[in-house]
Amino acid sequence: MTDYAIVAEDLTYYYGDLTAVDHINFQVAEGEILGFLGPNGAGKTTTVNMLTGQMKPKGGRAVLMGMDVAKNIERVQGNIGVCFETTNLYEQMTAIENLNLFARLFGVKPFDASEFLSRVGLEGRGKDKVDTYSKGMKQRLMVARSLVNKPRILFLDEPTAGLDPTSSEAIREVILKEKERGATVFLTTHDMMEADKLSDRVAFMNQGKIVALDTPLNLKRQYGKRALKVKVSTESGALEDREIDLDTPDTPAKVQELFAREQVVTVHSEEATLEDIFINITGRGLTG
Amino acid sequence: MNWRIIGTLVSKDLSLFFRKKGILALTILGLVFYLIIYFVMPGTVNENLEIGVYAPGLPPVLQHLPEEGLEISIVDSEDVLKERVSDGTYIVGMSLPSDFIEMLNAGQKPDIHLYFTADAPEEIKIAMETLVNDFAYMLTGQALTVEVSEEVLGQDLLGTPIPPRDRLRPLLAIFIIFMEILGLANLITEEVERRTAQALLVTPATVIDMFTAKSIAGIGLAFVQAVLFMAIVGGMNINPVIILVVLFIGAALATGLSFLISSLAKDFMSVLAWSVPVLVVLIVPSLGVMIPGAITGWVKVIPSYYLVDTVYRVANYGSGWGDVWTSLLILLGYTLVIVGIGILVLRRKLQ
């Protein structure tokens, strides 16, 4: 049990008659990045709220670092960091004051706010009030705030949503550094590319249930279709597309035949995206 | 409960409160404004006694009675006399029967009715006895034996005239305390609506830590201002411990009301919309102090009545624990209930 940073055992939550999280079970190993994917209303936020002690499960239990969250909420919360999707900083305070406040709440001593600001590329702006920050800067500060206690588990809810490429890249670097440090990262996101690039494993959540949980590669192998995308030049000089399925017994023969008969201009391999796989499994898109 | 965390949260709340320039300006200007109002109000009571007399069939000789400090006005009926005493035009009204002289001449005792305002001083009784004797001597050349009946219209506070500024003191003190409802409710509403409370609650800080911190900040702000005001205006000269206790309970009551209002409000405008009617209701009992007889017994259902009543009686009449303990107990009861309900509803909103 203690080898896992996060264990969800039959975790359940319902609002009246609506079951938001329906008896889900999963484990996240220490130092692992889990991408938690699903469309709006799938139950992702409710799951995160139960895992972080913000909501008490109606059924089952959440175990973090070997501790039942409901029974050890203060100890658990002292060892996790949470970055929310919606900005919730004290905007009349400076960035340094925001970080110092949370460091004091966690009892972190000594604490150097500038170290955390430089990790997210906000060095030199620490004494500015947060209400003068752009959306990307605020989000980076949110990430920095979630790190002040050097958390063993980091929960990130859509950390790069709507951000410029520079801010997004800065946050991705922080996530990878946290993994290197040994932290477990629970990453909720809509961004399939991001999940694919960062996650060791991804979980697909749909209608309150986990419908798939594996490494991106295994999911692609299991549910995706691989193909060769080829552009050929015709006799009139026009370009035409050809596609050869890579996972059939006659694939080698088809490839050989294509190169023998046609004038091949470009060849690209194509594999299924996580979005394709989600649609394949659930029959609906991730952004729905 | 973790006192290190509570201390951090209190420091954060006070820091945020003082960064809100509007609320800060309102607080400081309010305090200055209330002090100005207090000091521009008359600090003494008018020593000239204006007396209304209803004396049918008597010559206007009454108007020339040689009593220093007395101003005598003749009225046309006993009803008018009572009305003018009630509305404070005359501090005393005297009604003589129409057969006054005939009764005197026949050796009988005529009845003289005296009407007093609720807070007429004790000295007036003595002055009225002198007046009646002078009057009788002037008419008959000898001292009279007359039956005088006295009636106090309203609560009997004879002998203790209160200058207008000191009547105003409890009203201003509770204004200071209850204005903090606005500031604290706004602070809490922002914390909930901007979801900073959510960020705090995924740290080792608990909901109880948060409420304790908010209560300390809220009570502290209201209490310190009210004590400062009362100290400057001399309201702490008599029984300061009772004044401190009642102001503290009043500040806690204001904090409980802030919790209730912030559980209903979504932004500053809705905080304002909820706070104003609450403030108006809370201020009603002080009108009874400003204008004796202006309000009726139902104001005792308003918790602030017990705050105003205690401050007024202790600061102006030197009442002690034995006189005000029931008011303090009732005020404390109201406060505990309101704070309890406030925490319950706000906790629901937070979670």
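Reading the values: the criteria
Residue indices begin from 1 for each chain and proceed along its sequence in written order. Working convention: letters from A go to chains and numbers from 1 go to ligands, in the order in which they are written. Only residues with pLDDT of at least 70 get local features here, since the model is predicted, and only at 80 or more are side-chain atom pairs given and counted; chain-wide, interface and lining totals rely on the full set of residues. Each side-chain value is worked out from all heavy atoms of the structure, with water and hydrogens disregarded. A helix here means a DSSP run of H or I that spans at least four residues, while a strand means a run of E at least two residues long, and both kinds are numbered starting from the N terminus. Per-residue accessibility, obtained with a 1.4 Å probe over protein chains only, is compared with the maximum for each type, and a residue is labelled buried under 20%, exposed over 50%, and partly exposed between these values. Contacts are residue-level and defined by heavy atoms, with any inter-residue pair within 4.5 Å sufficient. Computed with the Shrake-Rupley method and a 1.4 Å probe, the accessible areas treat only the protein chains shown as cover for residues. We treat Lys and Arg as the positive residues and Asp and Glu as the negative residues; His and chain ends play no part in the count. Charge positions come from single atoms, namely NZ of Lys, CZ of Arg, CG of Asp or CD of Glu. By buried area we mean how much accessible surface two parts lose on assembly, using a 1.4 Å probe and totalling the loss over both. Salt bridges are identified by distance alone: a Lys or Arg side-chain nitrogen within 4 Å of an Asp or Glu carboxyl oxygen. Under the rule applied, a polar contact is a pair of N or O atoms within 3.5 Å (in protein, one hydrogen donor and one hydrogen acceptor; residues adjacent in sequence only if both atoms are side-chain atoms). Strands pair, by our definition, only if DSSP identifies at least two bridges between them. In this description, a line fitted to the C-alpha atoms serves as the axis of each element, helices being fitted only across the stretch in contact, and the angle between N-to-C directions of two axes falls anywhere from 0 to 180 degrees. Each nonpolar core is a collection of buried residues, namely Ala, Val, Leu, Ile, Met, Phe, Trp, Tyr and Cys, held together in the definition by side-chain atoms within 4.5 Å. Here is the rule: rings of Phe, Tyr and Trp (six-membered ring for Trp) pair when centre to centre is within 6.5 Å. Planes less than 30 degrees apart are stacked, more than 60 are edge-to-face, and the remainder are tilted. Roughly parallel means an angle under 35 degrees; roughly antiparallel, over 145; roughly perpendicular, 65 to 115; everything else is oblique. If you view the pair so one helix is near and one far, a crossing is left-handed when the near helix is turned anticlockwise from the far one by less than a right angle, and right-handed when it is turned clockwise. Nonpolar residues are Ala, Val, Leu, Ile, Met, Phe, Trp, Tyr, Cys and Pro. Charged residues are Asp, Glu, Lys and Arg, and all others, Gly as well, are polar. Exposure above 30% relative accessible area and the absence of a salt bridge qualify a residue for a patch, where like charges join within 9 Å and nonpolar side chains (Val, Leu, Ile, Met, Phe, Trp, Tyr) within 5 Å.

Draft legend 1. Spatial organisation of the overall build of chain A. When you go through chain A residue by residue, the secondary structure sums to ten helices and 13 strands. In terms of its C-alpha atoms, chain A occupies a principal-axis envelope of roughly 75 × 45 × 35 Å. A buried classification covers 49% of the 288 residues belonging to chain A. Sequence separation of at least 24 residues holds for 67% of the intrachain contacts in chain A that already meet a minimum separation of 6. With an accessible surface of roughly 13500 Å², chain A has 47% of that area assigned to carbon and sulfur atoms. Within chain A, one finds 35 positive and 42 negative side-chain charges whose respective centroids are separated by 5 Å.

Draft legend 2. Examining the interface of chain A and chain B more closely. On the chain B side, the residues contacting the 24 residues of chain A number 21 residues. Of the roughly 2100 Å² buried where chain A meets chain B, counting both sides, 60% is carbon and sulfur surface. If you sort the residues of chain A by the area they bury against chain B, Tyr90, Gln92 and Leu105 of chain A come out on top, with a joint share of 33%. There are one salt bridge connecting chain A and chain B. The salt bridge involving glutamate 97 of chain A is made with arginine 19 of chain B; its shortest N-O contact spans 2.9 Å. Seen at the junction of chain A and chain B, the total is nine residue pairs in polar contact (both at pLDDT 80 or more).

Draft legend 3. Spatial organisation of the sheet that holds strand β6 (residues 80–83) of chain A. Residues and elements named next belong to chain A. Sheet architecture is open: six strands sit in the order β6-β7-β8-β3-β9-β10, paired in mixed fashion. Single-partner strands in this sheet number two, and they are β6 and β10 (209–214). Strand-to-strand twist across the sheet, computed as the mean angle between neighbouring axes with direction ignored, equals 15°. Looking at chain direction, strand β9 (residues 201–206) and β10 are connected through five bridges and run antiparallel. Considered in β10, the bridge of methionine 205 is made with isoleucine 210.

Draft legend 4. Inspection of the nonpolar core at higher detail. Judged by nonpolar contacts, the single largest core of 92 residues is most densely connected at Ile6, Phe26, Leu64 and Phe155 of chain A. Among the elements that take part in this core, helix α3 (residues 95–106) of chain A stands out by supplying seven residues, more than any other. The residues contacting phenylalanine 155 of chain A, other than those within four sequence positions of it, are Ile6, Val48, Leu51, Thr52, Leu64, Ile80, Gly81, Val82, Cys83 and Phe186 of chain A. Judged by nonpolar contacts, the second largest core, of 53 residues, contains Ile177, Ile242, Leu279 and Ile302 of chain B.

Draft legend 5. Local environment of unusual backbone geometry. All names here are of chain A. The step from lysine 109 to proline 110 runs through a cis peptide bond, and the omega angle for that step is -10°. Within the element layout of this structure, proline 110 appears in the loop between α3 and α4 (113–119). With a phi angle near 50°, histidine 23 is a residue other than glycine that sits in the positive phi range. For histidine 23, a relative accessible area of 45% translates into the label partly exposed.

Draft legend 6. Spatial organisation of the pattern of salt bridges. All names here are of chain A. Enumeration over the complete set of coordinates arrives at 27 salt bridges over all chains. Close ionic contact of arginine 152 with glutamate 30 constitutes a salt bridge, the shortest N to O distance being 3.9 Å. Of the two residues, arginine 152 sits in the loop between α5 (135–146) and β7 (153–157) while glutamate 30 sits in the loop between β2 (18–29) and β3 (33–37), which places them 122 residues apart along the sequence. Look at glutamate 30 and you get partly exposed, because its relative accessible area is 45%. The structure contains a network of salt bridges with shared partners spanning Glu169, Arg172, Asp191 and Glu194.

Draft legend 7. Main features of the packing of aromatic side chains. Considering all chains together, one arrives at 17 aromatic pairs over all chains under this definition. Here the aromatic rings of phenylalanine 33 of chain B and tyrosine 34 of chain B are separated by 6.1 Å at their centres, their planes lie at 55°, and the arrangement is tilted. Here tyrosine 34 of chain B falls in the buried class, since its relative accessible area comes to 9%. An aromatic cluster of three or more residues is present, and its members are Phe26, Phe36, Phe155 and Phe186 of chain A.

Draft legend 8. Just the packing of α3 of chain A against helix α1 (residues 3–19) of chain B, in detail. For the pair α3 of chain A and α1 of chain B, interaxial distance at closest approach is 8 Å and the crossing angle is 160°. One finds that α3 of chain A runs roughly antiparallel with respect to α1 of chain B. The interaxial crossing formed by α3 of chain A with α1 of chain B has left-handed handedness. Of the residues in α1 of chain B, those touching α3 of chain A at Glu97, Leu101, Arg104, Leu105 and Phe106 of chain A are Arg4, Ile5, Thr8, Leu9, Ser11, Lys12 and Arg19 of chain B. Of the residues contributing to the contact of α3 of chain A with α1 of chain B, the split by class is five nonpolar, two polar and five charged.

Draft legend 9. The arrangement of a nonpolar patch on the surface in detail. A contiguous nonpolar patch, built from Met1, Trp3, Ile208 and Ile216 of chain B and spanning about 470 Å² of accessible area, is present on the exposed surface. With respect to the element layout, tryptophan 3 of chain B can be found in helix α1.

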